[in-house]
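# Coordinate inspection notes
Residue strings, one per chain:
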Amino acid sequence: MKMTENPLKLKRLHHVEFLVGNAKQAAFFYHKAFGFRVEAYAGLETGRRDLSSYVLKQGNATFVVSTPLSSSGDMSEHIRRHGDGARDIAFEVEDVDRAFAYAVSQGAQEAVRPRTLSDAMGTIRHAAIRSYGDTIHSLISRESYNGPFLPGYEVAVRESTGACIVSVDHIVGNVELGKMNYWAEWYSRVLGFHRYLTFDDRDISTEYSALMSIVMSNEAAALKMPINEPAPGRKKSQIQEYLDFYQGPGVQHIALLTEDIIGTVEVLRTNGVSFLKVPDSYYEILPQRVGAIKEDLKEIRRLGILVDRDQEGYLLQIFTEPVEDRPTLFYEIIQRAGSRGFGKGNFRALFEAIEREQARRGNL
Ligand code: FE2
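Residues numbered from 1 in each chain as written. Predicted model: local features only at pLDDT ≥ 70, side-chain atom pairs only at ≥ 80, totals over all residues. Heavy atoms only, no water.

### Quick notes on the packing of aromatic side chains
- Overall, the coordinates contain 25 aromatic pairs when judged by the stated rule.
- Aromatic pair Phe-29 and Tyr-30: ring centres 5.4 Å apart, planes at 75°, arrangement edge-to-face.
- The exposure class assigned to Phe-29 is partly exposed, which follows from its relative accessible area of 30%.
- Judged by relative accessible area, Tyr-30 falls into the buried class, the value being 5%.
- Summarising the aromatic geometry, the rings of Tyr-30 and Tyr-331 are spaced 5.9 Å apart at their centres and angled 80° between planes, so their arrangement reads as edge-to-face. Residue Tyr-30 is found in helix α1 (residues 23-32), and its partner Tyr-331 is found in strand β17 (residues 330-337); the two are separated by 301 residues along the sequence. (Phe/Tyr/Trp six-rings, centres within 6.5 Å; stacked < 30°, edge-to-face > 60°. Buried < 20%, exposed > 50% of the residue type's maximum accessible area, 1.4 Å probe, protein only. Helix = DSSP H or I, 4+ residues; strand = E, 2+ residues; numbered from the N terminus.)

### Quick word on empty space enclosed by the protein
- Evaluated as defined, the whole model comprises 4 cavities of 30 Å³ or more.
- In this structure, the largest cavity encloses a volume near 230 Å³.
- Around the largest cavity, the lining comprises 20 residues; the ones closest to its centre are Val-172, Asn-228, His-253, Phe-347 and Phe-351.
- Of all elements in the fold, only β10 (165-174), β12 (210-218), β13 (223-231), β14 (250-258), β17 and α10 (347-360) reach the threshold of two or more residues within the lining of the largest cavity.
- Sort the elements by how many residues they give to the lining of the largest cavity and α10 lands first, with 4 residues.
- For the lining of the largest cavity, the class distribution of residues is 13 nonpolar, 6 polar and 1 charged.
- Of the volumes computed, that of the second largest cavity is approximately 150 Å³.
- No other element matches helix α5 (residues 238-246), which puts 3 residues into the lining of the second largest cavity.
- Partitioned by chemical class, the residues of the lining of the second largest cavity number 6 nonpolar, 5 polar and 4 charged. (1 Å grid on protein atoms, 1.4 Å probe; cavity = no way out; pocket = protein on both sides within 12 Å on 5 of 7 lines; lining within 4 Å. Points joined across faces, edges and corners; volume = space filled by probe spheres on them. Nonpolar A, V, L, I, M, F, W, Y, C, P; charged D, E, K, R; others polar.)

It is worth stressing that arrangement in space is one thing and function is another; only the former is reported here.
Structure representation (structure tokens):
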């Protein structure tokens, strides 16, 4: 495998920020349903007049949910157009100015020029570039910052017993028909990701609909970013349903890595999180399809977890229903036992389950 050059010197995924209609309630959802601990807050009480924002953390996964406090400005426009959704996939970098200059030299569009942000706890550098749709990548260097998150945020801890989530495994984007290769090439040229896997419409199709996907990977940031586009089929692709309701490209799903998927899904189900259902027939042929696994198949079946095996090992995964009223962003919970894949053997069962939901929504 070709070594990634990592020209922007990405160090890690810093956080994912969601713009939402009601940040207080979104924070409550991620805290109570997904087991994130609330760690920091910015809003009127901390001197911000423009937004309310909550920082949630579980393992190495950091989510930020933010809402504007007025109807003017980019944040409000984002929510008006897209509904609740992921706006910013933020990376920590060694040197914001150099990373930003390089990205722009490679054709990235500016979102925020490099600037210094500070408060009593110290200073950071921040800039941002535009990715697909209205999604941006913030570039952050923390230098000697000592606060709970970024300047302007104050400590606001609400503990959680958690759900065994350890990190973000991958973040999937949906783009328009014909744009997948453009964005794969963009991630390669601008952010130094390399092409890790490609799925065509023969891999990902059902009787009715299809999609294509290129998985881009950056080892330094330990992040994979698959990019999907709809493929023509007899009925509407789930990717097209997303594009129609998000009103453009955006983040389709975020996969959260766990080392105990049975424990995680048990907690999430108890907390009221809804998952896609696969038919019983999926479990009847499962043992012959994947062979021996460490986990109890009865538990796997009871919780509706999917299993797939490849040359390197196996993985366990499950997908939530969309977490907002528009059929847009959803979550995947994934546990890896050797496999670095994406559950290709589950695509058909999974997409048929999605299509049943699409049909119920009148969108197939
Ligand atoms: Fe996924």
